[in-house]
Structure formats: structure tokens, C-alpha cells
Protein chains: 2
Amino acid sequence: MNWKEKLASNGHRITQAREQMMRLLSQTQVPLSPMQIHSALREQGSKMGLVSVYRNLNLLMDYDLVCMLVAPDGNAGYVAGGTGHHHHILCKVCQSSAIFDECEDFSELISKIEAQTQFVVGDHFLQFYGLCPQCQETYV
Amino acid sequence: MNWKEKLASNGHRITQAREQMMRLLSQTQVPLSPMQIHSALREQGSKMGLVSVYRNLNLLMDYDLVCMLVAPDGNAGYVAGGTGHHHHILCKVCQSSAIFDECEDFSELISKIEAQTQFVVGDHFLQFYGLCPQCQETYV
DNA sequence: CCCTTATTGATAGTATTTTTCAATAAGGAT
DNA sequence: ATCCTTATTGAAAAATACTATCAATAAGGG
Ligand SMILES: [Mn+2]
Ligand SMILES: [Mn+2]
Ligand SMILES: [Zn+2]
Ligand SMILES: [Zn+2]
């Protein structure tokens, strides 16, 4: 089920603004702030308002169609999300990101955490930082 | 090496503001926003300005004396950090957090990520969400 | 093609974060 | 203890970021 089906099947409309945002975020590996999304789309001729960027980011987040990434400096940005459970890795140099879905088995770790903290563990937020292929060449 | 030694040995001063902030954050399990830190300290009689909260959070983050946590809703807050490599778990209900240092061995996962994404993997940001002991009782 | 209403853009309002700068206090030297 | 240097501070203002309101628009079912 692609993003249009996901939204439509939940009673949401496939609007210009949403198509433009999804297209941009799918094409971009670097996490973009709401402002950056807005600027990029205006430059491409879109008449979208910044307010709609915020509104739609909220909606798209609700349906896991975009993901919020946290840069090493603590700044947040948005990228198109993968399907199903997945995580992202972010280049420390150029901020470019990639998705990985070869996901870990945390059952053992979770047991340790529950023993140590007395919390019941639910889900998690995991993000890696590293060097993208391009920046590996530049910064040998 | 405690936080005072860490700062002092790097040429920073142990100020009222920093002592108040570290004391508050060490006593509190719930991640606090800059504004919340400021309000709490003012209520305790501190004359500290909000600006110093921001400035000192930056400094304390630089020396890993406080950690930024991301709530499930995307909001960020600060808590006192543990020593060495560690992570946090956050209660989905009351936001209370705990530290765990029984840390994972990610070497196998990292190999998979590097194979799949062609990135070179460095460090990571990992945070768990769950139910704290108190909220387990309330929400049986 | 029409009708309903979710969605939008503009505007205004609120909240958060950063910049600037003179006053203060931390801590090494005397 | 007292002095000196300057990192640090608080207040004020500026700049950003986000949210609420509302009339106009366009998405999409009939
Ligand atoms: Mn995972
Ligand atoms: Mn770890
Ligand atoms: Zn890169
Ligand atoms: Zn709780």
C-alpha cells in the first residue's frame, strides 16, 4: 500500500500540497526542516503556504509516511519513511541519510533493560550516524 | 570525575546557575524543556535568566553532562546524563525516564547496515519507550 | 457536473531561541 | 583577604519557529 492509498483509505484527500511534499521528501536524502521544505517547493513554483507544510508533516507522521530524524547536533528534520519497521543512518558530514531494515533482534537487550530499570519495554527509537559513500571518498 | 571537575578541568567556572541546573536535572526523572527548567528554578528562588538555561544546556551537552531525550511525540527534553556510554528509557505515560548501561553489542547489526547502505557506521542514538514501575500499577 | 466539506493560504498571534551588551561574580594571582 | 582579569550572567530586543483563525478553494463522492 503506497502513501496515496494509505491516506485515501483513511478518508484523507490526495492534494497538490501532499503530492509535492511527498515527491520532494522522496527525492531528498537529507532531512529537511519545515522551512526548508517550504522554500524548496516555492522555488519549484509551488504556491504552498508554510502552514500547510506543518499540517501535512503532522498528518504524514501520523501515518508513518515520513520520519523525523535527529541530527548529531540535536536538530530535527524530515525524510520519507520506509515501509514497515526500519531505521535511518545519517552522514555526519553531509547529513545524507539512508534507510536500513535489516533490523536487530532486541529481545535479549530488552530483558536486560527490564531487569535493570523495572520498566516494561515497548518500542524504540534508533538512529545511526556515520559516513555516506560519497563523504568516505572525500574524507579518506 | 564528577561534573564540576569535568567543567573546571576544561577552564569553565562552577557557577550558581550551573549548580542549580545540575541539581534540578539530577533530581528529576522527567525530561525538562529549557522553559520548564527555568520555571522550576525560579520557583525555587533562583534569579537565573532563561538565556542562561539555553547557554548552559549547550555547554553541559558538549561535555555529556546532560542528555537530550526525544519523547514519542517528538518533543525534546533534557535530563542529567549517566557516566560513559548509556541510553535512556522513557515512560509513555508519565514521561519518567531511567538510564540503562547494560549496553548492546551492535557489531553484527553494524555489519549488516554497512553492507546494506554502504555507509561507514559510527555511533548511534538509541532510546526505548515503555511503562515505568509506577504507571504499570496504574495501568494494569 | 454538482455538492459537501476537508484542505488550503493568508494573516495574526504565540512560543521558542538567539543576539547584544553592560553588570556581575568566579577563581587565579598577589 | 584583597585585587584583577575575564568568563558568565540577566535584561532587553531581535530573530525564528510554531499555532490558531477564517474565508476561499479544490478534492472526490454522488
Ligand atoms: Mn528497530
Ligand atoms: Mn548503545
Ligand atoms: Zn555524507
Ligand atoms: Zn510512567
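The shown structure was predicted, so the numbers you read here are calculated from the model rather than taken from an experiment.

Conventions and cut-offs
Residues numbered from 1 in each chain as written. Chains lettered and ligands numbered in written order. Predicted model: local features only at pLDDT ≥ 70, side-chain atom pairs only at ≥ 80, totals over all residues. Heavy atoms only, no water. Salt bridge = Lys/Arg side-chain N within 4 Å of Asp/Glu carboxyl O. Helix = DSSP H or I, 4+ residues; strand = E, 2+ residues; numbered from the N terminus. Near = heavy atom within 4 Å. Polar contact = N/O pair within 3.5 Å; in protein donor to acceptor, adjacent residues only side chain to side chain. Nonpolar A, V, L, I, M, F, W, Y, C, P; charged D, E, K, R; others polar.

Enquirer: Please clarify how the pattern of salt bridges should be interpreted in this entry.
Expert: Oppositely charged side chains are able to pair whenever their charged atoms sit close together. Under the criterion given, the structure shown has four salt bridges over all chains. Where Lys4 of chain A meets Glu19 of chain A, a salt bridge forms, and the shortest distance between an N and an O atom there is 2.7 Å. One end of the pair, Lys4 of chain A, is in helix H1 (residues 3-8); the other, Glu19 of chain A, is in helix H2 (residues 16-27), with 15 residues separating them in the sequence. Of the charged contacts, one joins Asp123 of chain B and Lys92 of chain A as a salt bridge, the two residues approaching to 3.2 Å between their closest N and O atoms. Remark: Lys92 of chain A occurs in the loop between strand S3 (87-91) and strand S4 (97-100) and Asp123 of chain B occurs in strand S5 (residues 120-131); the pair is interchain, linking two chains.

Enquirer: Got a minute to help me understand the protein's contact with DNA strand D in this structure?
Expert: Surveying the vicinity of DNA strand D reveals 21 residues, the closest of which are Ile14, Met35 and Tyr54 of chain A together with Ser52 and Arg55 of chain B. Counted by atom, the contact set of DNA strand D within 4 Å of the protein is 63% sugar and phosphate. Lys47 of chain B has a polar backbone atom sitting 3.4 Å from a phosphate oxygen of DNA strand D. Between DNA strand D and Ser52 of chain B, the relevant distance is 2.4 Å, taken from a phosphate oxygen to a side-chain nitrogen or oxygen of the residue. Those elements that provide at least two residues to the surface near DNA strand D are helix H3 (34-43) and helix H4 (50-62) of chain A together with helix H2 (16-27) and helix H4 (50-62) of chain B. Take the surface near DNA strand D: its biggest share by element is four residues, from H4 of chain B.

Enquirer: Sorry, what's going on with the protein's contact with DNA strand C here?
Expert: Near DNA strand C you find 22 residues, and of these Met48 and Ser52 of chain A together with Ile14, Met35 and Tyr54 of chain B are the closest. Close to the protein, within 4 Å, the atoms of DNA strand C are drawn from sugar and phosphate at a rate of 66%. At 2.8 Å from a phosphate oxygen of DNA strand C is found a side-chain nitrogen or oxygen belonging to Thr15 of chain A. Within the backbone of Lys47 of chain A, one N or O atom sits 3.5 Å away from a phosphate oxygen of DNA strand C. Taken together, the elements giving at least two residues each to the surface near DNA strand C come down to H2 and H4 of chain A together with helix H3 (34-43) and H4 of chain B. In terms of residue class, the surface near DNA strand C is made up of nine nonpolar, seven polar and six charged.

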